[in-house]
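Each chain is listed here by its residues.
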Amino acid sequence: MSLYSAGVEYGLHCLLFLVDDLGESREASVRDLAELQGVPHEYLAKVFTKLAKARLVVATEGVRGGFRLARPADEITVLDIVTAIDGHKAIFDCRDVRDRCALFEGVAPAWAIDGTCAIHAVMLTAQKRMEEALAQQTILDLSRRLGRKAPAQFSTQVVRWINDRRESK
């Protein structure tokens with residue numbers, strides 16, 4: 001079971017398509033982004049509602065309207081996107097097992113339950129480090145990584161594909 005929803009993956013991929021080669025924002029409709037990536041339109045529309053509410057994207061007006069980034073791509077972190085779509089999710093839910101040991105016969109001694117559980121403390125540290133790692137990566141970083149991997153013409157093909165759909169509306 002994954003920690004984050006499919007919406008996070010869909011949202012991250014979509015925002016990559018809203019960044020051009022120079023890191024500037026481009027515009028696209030949710031319908032076009034859904035079709036481009038083969039993801040459910042209705043679900044993606046809900047994702048974009050959350051992204052807009054978090055002020056990561058803004059709607060553009062008009063018949064050919066869509067969405068664009070609300071701020072520069074180097075100012076939108078992966079953590080911003082994850083939090084906007086899924087909210088804050090703990091990677092661990094401590095169930096206070098330490099105070100249920102059969103040897104305690106229903107009354108756990110203070111030494112067993114005082115302070116933060118050692119296991120929970122490790123998980124809190126892991127959570128913090130994971131969030132720090134997500135906060136260090138921006139949508140521009142991801143876009144540049146994709147740009148290094150994809151053939152040079154891919155970005156042009158994406159722009160052409162989106163523009164062809166916008167013009168046919």
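Everything below is about the structure shown above.
It should be emphasised that the depicted structure is a prediction, and the values quoted were computed from it without experimental measurement.

*Asks:* Before we move on, can you summarise the overall build of the chain with the specific residues and values?
*Replies:* In terms of helices and strands, the chain carries eight helices and two strands. Listing the helices and strands of the chain from first to last along the sequence gives α-α-α-β-β-α-α-α-α-α. Expected size for 169 residues packed as a compact globule is a radius of gyration near 15 Å; at 21 Å, the chain overshoots this value by more than 25%. The principal-axis extents of the C-alpha atoms in the chain amount to approximately 75 × 30 × 25 Å.

*Asks:* I'd love a proper account of the state of the cysteines, names of residues and values included.
*Replies:* Counting across every chain of the model gives zero disulfides. Cysteine 94 takes part in no disulfide bond, and the closest cysteine sulfur, belonging to cysteine 117, lies 4.7 Å away.

*Asks:* Could you give an account of the side chain of aspartate 86, naming the residues involved and the relevant values?
*Replies:* Tracing the sequence through the fold places aspartate 86 in helix H4 (residues 78-86). At a separation of 2.6 Å, a polar atom in the side chain of aspartate 86 contacts the side chain of serine 5. Apart from the residues lying within four places of it in its own chain, the contact partners of aspartate 86 are Leu3, Tyr4, Ser5 and Val8.

*Asks:* Describe the pattern of salt bridges, listing the residues and the values that go with them.
*Replies:* For the structure on display, the rule yields four salt bridges. Across the salt bridge formed by lysine 89 and aspartate 86, the nearest N and O atoms sit 3.6 Å from each other. On the basis of relative accessible area, lysine 89 is assigned to the partly exposed category, the value being 28%.

*Asks:* Tell me about the packing of helix H1 (residues 6-17) against helix H7 (residues 139-149), residues and numbers included.
*Replies:* Where H1 contacts H7, the two axes come as close as 9 Å, and the packing angle between them is 75°. Considering the angle they form, H1 stands roughly perpendicular to H7. Counting all contacts with H1, which are made through Leu12, Leu15 and Leu16, the residues of H7 involved are Ile139, Leu142, Ser143 and Leu146. Looking at the contact of H1 with H7 residue by residue, the classes come out as six nonpolar, one polar and no charged.

*Asks:* Could you give me a rundown of unusual backbone geometry, with the residues and numbers involved?
*Replies:* The residue arginine 55 is not glycine, and still its phi comes out positive at about 60°. Turning to its location among the elements, arginine 55 is positioned in the loop between helix H3 (41-53) and strand S1 (57-59).

*Asks:* If you had to explain the environment of valine 78 to someone new, which residues and values would you point to?
*Replies:* Inspection of the secondary structure assignment puts valine 78 in helix H4. Judged by relative accessible area, valine 78 falls into the buried class, the value being 7%. With 58 residues separating them in the primary sequence, valine 78 and glutamine 136 have C-alpha atoms 7.8 Å apart. When sequence neighbours within four positions are dropped, the list of residues in contact with valine 78 reads Leu12, Leu134, Gln137 and Leu142.

*Asks:* Any chance you could break down helix H2 (residues 30-37) for me, citing the residues and the numbers?
*Replies:* Listing the buried residues of H2 in full gives Val30, Asp32, Leu33 and Ala34. Contacts made by the buried residues of H2 are with H1, H3, strand S2 (67-69) and helix H8 (153-167). The first or second residue beyond H2 is glycine 38, which carries a positive phi of 70°.

*Asks:* Talk me through H8; I want residue IDs and the actual numbers.
*Replies:* The terminal C-alpha atoms of H8 lie 21 Å apart, and with 15 residues this matches the ideal 21 Å at 1.5 Å per residue to within 8%. Those residues of H8 that fall on the buried side of the exposure criterion are Ser155, Val158 and Ile162. Looking down the long axis of H8, one finds its buried residues gathered within 60° of arc, a one-sided arrangement. Contacts from the buried residues of H8 go to H1 and H2.

*Asks:* Outline the environment of glycine 11, supporting the account with residue identities and numerical values.
*Replies:* Looking at the element boundaries, glycine 11 is found in helix H1. You can call glycine 11 buried: its relative accessible area is 0%. With 74 residues separating them in the primary sequence, glycine 11 and isoleucine 85 have C-alpha atoms 7.8 Å apart. Dropping the residues within four chain positions of it, glycine 11 is found in contact with Val47 and Ile85.

Here is what the cut-offs are and how they apply
- Residues numbered from 1 in each chain as written.
- Predicted model: local features only at pLDDT ≥ 70, side-chain atom pairs only at ≥ 80, totals over all residues.
- Heavy atoms only, no water.
- Helix = DSSP H or I, 4+ residues; strand = E, 2+ residues; numbered from the N terminus.
- Rg over C-alpha atoms; globule rule 2.2 N^0.38 Å.
- Disulfide = S-S within 2.5 Å.
- Polar contact = N/O pair within 3.5 Å; in protein donor to acceptor, adjacent residues only side chain to side chain.
- Contact = heavy atoms within 4.5 Å.
- Salt bridge = Lys/Arg side-chain N within 4 Å of Asp/Glu carboxyl O.
- Buried < 20%, exposed > 50% of the residue type's maximum accessible area, 1.4 Å probe, protein only.
- Axes fitted to C-alpha atoms, helices over the stretch in contact; angles between N-to-C directions.
- Parallel < 35°, antiparallel > 145°, perpendicular 65-115°, else oblique.
- Nonpolar A, V, L, I, M, F, W, Y, C, P; charged D, E, K, R; others polar.
- Expected span 1.5 Å × (residues − 1).
- Arc of directions from axis to C-beta.

Scope: geometric values only; no functional claims are made or implied.
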